[in-house]
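Understanding the architecture of this molecule
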Amino acid sequence: MAKGTRVTQKEKEKMWRLYQELGSFKDVAKKMRRSPDTVSRHVREYEAAVGAAGYILNQEF
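Scope of this entry: the structure provided in the associated data block. Computed from a predicted model, the values in this text were never measured in an experiment. (Residues numbered from 1 in each chain as written. Predicted model: local features only at pLDDT ≥ 70, side-chain atom pairs only at ≥ 80, totals over all residues. Heavy atoms only, no water.)

**Quick look at helix α1 (residues 9–22)**
Helix length check: α1 (14 residues) gives 20 Å between terminal C-alpha atoms against 20 Å at 1.5 Å per residue, within 8%. When α1 is considered as a whole, its buried residues turn out to be Lys-12, Met-15 and Leu-18. Along α1, the residues classed as buried sweep out an arc of 130° about the axis, all on the same side. For α1, exposure combined with an orientation more than 90 degrees from the buried face picks out Lys-10, Arg-17 and Glu-21. Buried residues along α1 sit in contact with α2 (25–32) and α3 (36–57). Within two residues after α1, Gly-23 carries a phi angle of roughly 75°, on the positive side. (Helix = DSSP H or I, 4+ residues; strand = E, 2+ residues; numbered from the N terminus. Expected span 1.5 Å × (residues − 1). Buried < 20%, exposed > 50% of the residue type's maximum accessible area, 1.4 Å probe, protein only. Arc of directions from axis to C-beta. Contact = heavy atoms within 4.5 Å.)

Put into structure tokens, the structure is as follows:
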């Protein structure tokens, strides 16, 4: 069972952008009022999705 509220896709994107800007999960967590663990998990998830999409789009068939 989840402890807190769910993280929306918009929040994940915002976390990723803030992480690019601030460079620290702790700083992003403070700004978004989330735990650093939550921010870390969702930033990594977002980066993986962006990376996979980029890989697929750059494939030559």
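Picking up where we left off.
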